[in-house]
Amino acid sequence: MLHPVLTLFLAISVVLVLAIALQRRFTAGYAEAPAGLAVLHKGEVAFIQAAAEVLFPDGAGLPVIGVDAHLPLYVDHHLSALPVAQRLQIRALLLAFEHLSLFLPAPAPGGRDRFSRLGPASRIAVLERVGSHWEPRVRILFTALRAVLAIGYLGHPANLRELGLAPFEIEPAVSDAELLFPRIGALPMSIRFEAGDRTDPVALGPLDPHGPRHRAYQRSSRDSR
Amino acid sequence: MSAEESAPREPEAADWLRAARERVRVFAQYDGPIEEQADVVVVGSGPCGAVAAYELARAGKDVILLEEGPPFTVRDFELDGNLSMTRTMREGGLRMTRGTTMPTMQAVALGGGSLVNSAICVRPPDPVFERWATGFDLERTDRAHLDPHFDAIAEFLGIAPTPDAVQGRRNLLFRDACRALGVESEPIARNVTGCRGSGECFTGCRSRAKQSMDVSYVPAALRAGARVMTSLQVQTIRHSGRRVTGVAGHAVVPFSGGRRAGQTHRFRIDAKAVVLAAGCTATPVLLRQSGNLANRSGQVGRNLQFHPGVAIAGVFPDQVDPQFGATQGYQSLAFLAEGFKLETLWAPPPLLSMRLPGMGPELQARYAELPRTAVWDAIVSANRSLGELRTRPWSSNPVLEWRLHPDDLAIVRRALHVIAQLFFAAGASKILPGVYGVAEEMTSADQARVLDSPAVRPENLVMAGNHVFCTTRMHGDPTRGVVDEDGRCHDLENLYIADTGIFPQCPSVNPMWTGMALARRQALSLAERF
C-alpha cells in the first residue's frame, strides 16, 4: 500500500506527462500562421503545406507547385464562405489527417508522429495507406482531402492559364436580371442599368476558342486576384 | 405586326421597369417584421415555381414569389467553381447521401437550379408516361395532355438544339464516336439563346444567353404583376383544418443560410393558396416541420429517387481545347430502354480534377493532360433504388438515406462500358474510369470490359445525384401518394406542390422541362379553381 502523498504525487506526475505529451502532439512546434487568415489555425496551415508538398511536388511541368500555390489562403477563403456545419467537417478532416498516423503509421522510425512533422516519404506512405484502405469510409477521407486541396491547386490562376483552361474574357451582359435586381447586399436604388442597356448575346456570336482569358487569370499570384 | 410595332416604346419600357423594381424585395431592404397578403404564395423560384408564379400572375392572381436565396447579377457570379458552389448551393455544395455515398446539390438562388444547371431540356419518351399512368393511377399525365405545356414553355424560353458553332471539339467527338458505333445521338436542346460556348453554365452564364428563370420567367411574372421577395426562408406552412392560410419564416443573410441579430426579421404571408416549389429535398422538410402536413398517406419524404450519374474522362492524342464549347452539347437517348442516357459534360477544371486518381507527379501529369481531355457521362434511371428523406432538428437541411439497388448497379456498369467503347471509337488514347478497384487508366476497349463486371461495386464508384425525385409523389390513390394530378395535396384543399418531388418515378431524362410542364398545368388548374 503506497503512502497517500506518494500516490497523489504519482497521479499528478502521470497527468502532467500526459498533458505534456498531448500538448507536444497537438499544439507545440507549429510555426505562426500567415497573417490575414480568418479561420485556419497554425496547425491546419502546417498540415495543408505538408500535404501540398507531397501531393503537388516540384518537377511535374505545372508552373506553380503545391507549397507556392497559397493553398492555406485558398482553403481559408473556402472555409469562410461555408456554413458552420460544413466548415467544421472540413476542419475535422484536416485534424484527422494530421493525426491519422497514430493509427496508420508510416513504415519508418517516428512513423506515428503527426503528419506535418513526417518526412516527405513518410507523408506519402500515410496518404497511400489511407487512399488504398480496404474500408471505403476510410478511403473516402483521402478522396475528400485531395479534393479540398486539388481544387485550390489546379485553380491557381497560373496553373489554369498555363493549361489553357482559364475562363474566357467576357464583357458582362445586361439582361432583365441586371435591370431588375441590385448586386447582392445592395439596395435597388443602386441599379444603374436602364432598358436601353440590355445586351443581346445573339449579336455577339460564339467566342474564339483561343481568345483572351479572364483578366484575373492573367496574373501570376493568387493574392492579386 | 412588324417587329417595330411589337417592341415596347422606351417610355413604356421605363414604366414597366420602374413598376417591376418596386415589386422586388431584397435582403438589404428588410428593416422590420414583414407581413403581406396575396391570393397565392409560391415558395421557391426554380423552374417549377417561376412558371407557376408567371402563369398565376398572368391569370390575374395576386402572386408573391418567395425565394430563400438572393438574386444574382452577372457581377455576383464567382468564376471559381468551388467558391461558386458555396454561394449558390445549400450546405455550401457539400451535401451527401448516406448509405451509398454520393454528392447531391440544391441551389439556393433566385431562379433556383436553372441559374447553375446546363439548361438541358428533354421530353421524356412515351414509355415513361406509360409507366407513370399504369403504376400510379394517373389519367392525364401523358404526352397528349402534357405536350401543349411542353410546347408553350419551349416557345417562351426558345428551347432549341445546341448549334454546331458552339459545340466545341469535346462535344463533336462524342457525336463522331456515336456515328462510328452506329449509336443515335443528337445536339442537346437547351433553354439558351445566343450561346457563346464559354462552357460555364455551372457557375452562371455571364453572357446571359442561358434563359435561367431569373432572366426569363421571373421577370415575366413581375411584368404580369407578381411580387418577388428574396432571402426569405419559409419555416412553417400555416394551416387550419383542411386549409392552409399562408406561410411564415425569417429573412436569411445571403450565402449564410442563417440569421444575424437585428437583420433577419420574421415574416408572415397570408394567402388563399400556397404552392410549394421549394425543391424535392426541401418541400418534404417544410411539410414535416409544419406538423407533418399533407402526410396521411405516410409518403412524404419516402420513395426518394435519383438519376445517379457516372462519368469517364477520355484523353486524346491531340488538343481538345475543352474549355470552349457548350457545357453539355450532345446526348444519346439510344440506351433509354436499357435505363441510361449519355451526355457530354464539362465543368470548371478544378472541380473535374477532384476525380482524377493518384497523387504527386502522377496526378500533376494528369492535370497536364486536361487540354486533351473530354468528359462524357451517363445518368441512370435508378427507379429501383429507393431512399428516404428525414428531417433534422433545428435544420432546414434533410438527411438523405439512399442505396444503389443491385439491378441499377448493373445499369451503371453497362453505361460505364458503353462510354468507354465510345471513347475508343472516337480515338481516345486512354480513359480514366474513376472507379476504385480497377485500373486507373485503360488503353483499349478490351481492357474496359471490366467496367461491366462485378469488379465495379457501389462503394468504388464516384457518382453524383443532381436530379432528385418522388419525395411527395403524385398518385391517383390518396392512400399511396401525396398530391393528385393537378399537384394539389390530397389532404388539403388549397396546398399545391410543384417540384420534382411530385414525379411518381424518375423520368429517365433531365427533369427540368417536365417539371415546368407539370407546374404550368397545375397553375392553370389552380387559377381556374380560385
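Residues numbered from 1 in each chain as written. Chains lettered and ligands numbered in written order. Predicted model: local features only at pLDDT ≥ 70, side-chain atom pairs only at ≥ 80, totals over all residues.

**Let's talk about the overall build of chain A**
Working step 1: Helix and strand counts for chain A come out as nine helices and zero strands.
Working step 2: Listed N to C, the secondary structure of chain A is α-α-α-α-α-α-α-α-α in terms of helices and strands.
Working step 3: Against the compact-globule benchmark of 17 Å for 225 residues, chain A has a radius of gyration of 25 Å, which places it well outside the compact range.
Working step 4: Reported as C-alpha extents along the three principal axes, the dimensions of chain A are approximately 95 × 45 × 35 Å.
Working step 5: Each of the 225 residues in chain A was classed as buried or not, and the buried ones make up 36%.
Working step 6: The long-range share in chain A, meaning contacts at least 24 apart out of those at least 6 apart in sequence, stands at 57%. (Helix = DSSP H or I, 4+ residues; strand = E, 2+ residues; numbered from the N terminus. Rg over C-alpha atoms; globule rule 2.2 N^0.38 Å. Buried ≥ 20, exposed ≤ 12 C-beta atoms within 10 Å, placed from the backbone. Contact = placed C-beta atoms within 7 Å.)

**Remarks on the interface of chain A and chain B**
Working step 1: Counting residues at the interface gives 58 residues for chain A and 68 residues for chain B.
Working step 2: Elements represented by at least two residues in the side of chain A that touches chain B include exactly α2 (42–55), α3 (71–81), α5 (120–131), α6 (136–154), α7 (157–163), α8 (176–180) and α9 (201–204) of chain A.
Working step 3: The biggest single contributor to the side of chain A that touches chain B is α6(A), with eight residues.
Working step 4: Classifying every residue of the side of chain A that touches chain B by side-chain character gives 41 nonpolar, ten polar and seven charged. (Nonpolar A, V, L, I, M, F, W, Y, C, P; charged D, E, K, R; others polar.)

**Let's talk about the nonpolar core**
All names here are of chain B.
Working step 1: Ala221 and Val274 are the most contacted members of the largest nonpolar core, which has 224 residues in total.
Working step 2: When residues in this core are grouped by element, the largest group, eleven residues, is from helix α12 (residues 406–425).
Working step 3: Leaving out residues up to four positions away in the same chain, Ala221 has contacts with Ala50, Ala53, Tyr54, Ala57, Val63, Leu65 and Ala226. (Core = buried A, V, L, I, M, F, W, Y, C linked by C-beta atoms within 7 Å.)

**Quick look at the confidence of the model for chain B**
All names here are of chain B.
Working step 1: Looking at chain B as a whole, the pLDDT averages 95, with 97% of positions reaching at least 70.
Working step 2: Low pLDDT, under 50, characterises residues 1–7; the stretch is placed with one contact to residues that sit more than four places away or in other chains.
Working step 3: This prediction of the complex comes with two scores: 0.93 for pTM and 0.93 for ipTM. (pLDDT = per-residue confidence, 0-100.)

**Looking at the packing of helix α3 (residues 47–58) of chain B against helix α13 (residues 512–529) of chain B**
All names here are of chain B.
Working step 1: Taken N-terminus to C-terminus, the directions of α3 and α13 make an angle of 30°; their axes are 8 Å apart at the nearest point. Between α3 and α13, the angle falls in the class roughly parallel. The chirality of how α3 crosses α13 is right-handed. Across the interface between the two elements, Pro47, Cys48, Val51, Ala52, Glu55 and Leu56 of α3 pack against Met512, Gly515, Met516, Ala519, Arg520, Gln522, Ala523, Leu524, Leu526 and Ala527 of α13.
Working step 2: Residues that form the contact of α3 with α13 fall into these classes: twelve nonpolar, two polar and two charged. (Axes fitted to C-alpha atoms, helices over the stretch in contact; angles between N-to-C directions. Parallel < 35°, antiparallel > 145°, perpendicular 65-115°, else oblique. Left-handed = near helix turned anticlockwise from the far one by under 90°.)

**Focus: the pairing of strand β9 (residues 232–240) of chain B**
Residue and element names in this part refer to chain B.
Working step 1: Of the pairings in the sheet, the one linking β9 to strand β10 (residues 243–251) comprises eight bridges and is antiparallel in character. Within β10, the residue paired with His239 across the bridge is Val244.
Working step 2: Hairpin connection of β9 to β10: two residues between the antiparallel strands, including Gly241 at a positive phi of 65°. (Pairing = 2+ DSSP bridges.)

**Side note on the sheet that holds strand β17 (residues 388–390) of chain B**
Residue and element names in this part refer to chain B.
Working step 1: Spatially, β4-β18-β17 is the arrangement adopted by the three strands of the open sheet, whose pairing is mixed. Here the strands that pair on one side only, and so sit at the sheet edges, are β4 (98–99) and β17.
Working step 2: Bridging between β4 and strand β18 (residues 399–402) involves two bridges; their strand directions are parallel. The partner of Arg98 across the bridge, within β18, is Glu401.

**Let's talk about the environment of A:Val64**
Residue and element names in this part refer to chain A.
Working step 1: By the secondary structure assignment, Val64 is in the loop between α2 and α3.
Working step 2: Val64 gets classed as partly exposed once you count the C-beta atoms within 10 Å, which come to 19.
Working step 3: Between the C-alpha atoms of Val64 and Ala158, which are 94 residues apart in sequence, the distance is 6.8 Å.
Working step 4: Non-local contacts of Val64, meaning those with residues more than four positions away in its chain, are made with Ala69, His156, Ala158 and Asn159.

**Notes on the environment of B:Thr88**
Residues and elements named next belong to chain B.
Working step 1: Looking at the secondary structure, you find Thr88 in helix α4 (residues 81–88).
Working step 2: Residue Thr88 is classed as buried on the basis of its 29 C-beta neighbours within 10 Å.
Working step 3: As a C-alpha pair, Thr88 and Val108 span 20 residues in sequence and 5.4 Å in three-dimensional space.
Working step 4: When neighbours within four sequence positions are excluded, Thr88 is seen to be in contact with Ala107, Val108, Ala109, Leu115 and Val116.

**Section: the packing of α2(A) against α6(A)**
The description of two packed helices rests on the angle between their axes and on the distance between the axes.
Residues and elements named next belong to chain A.
Working step 1: Axis separation between α2 and α6 bottoms out at 11 Å; the angle between their running directions is 80°. Comparing their axes, α6 and α2 come out roughly perpendicular. Residues Ile48, Ala51, Ala52 and Leu55 of α2 form the contact with α6, whose participating residues are Leu145, Arg146, Leu149 and Tyr153.
Working step 2: Taken together, the residues that form the contact of α2 with α6 break down as seven nonpolar, no polar and one charged.

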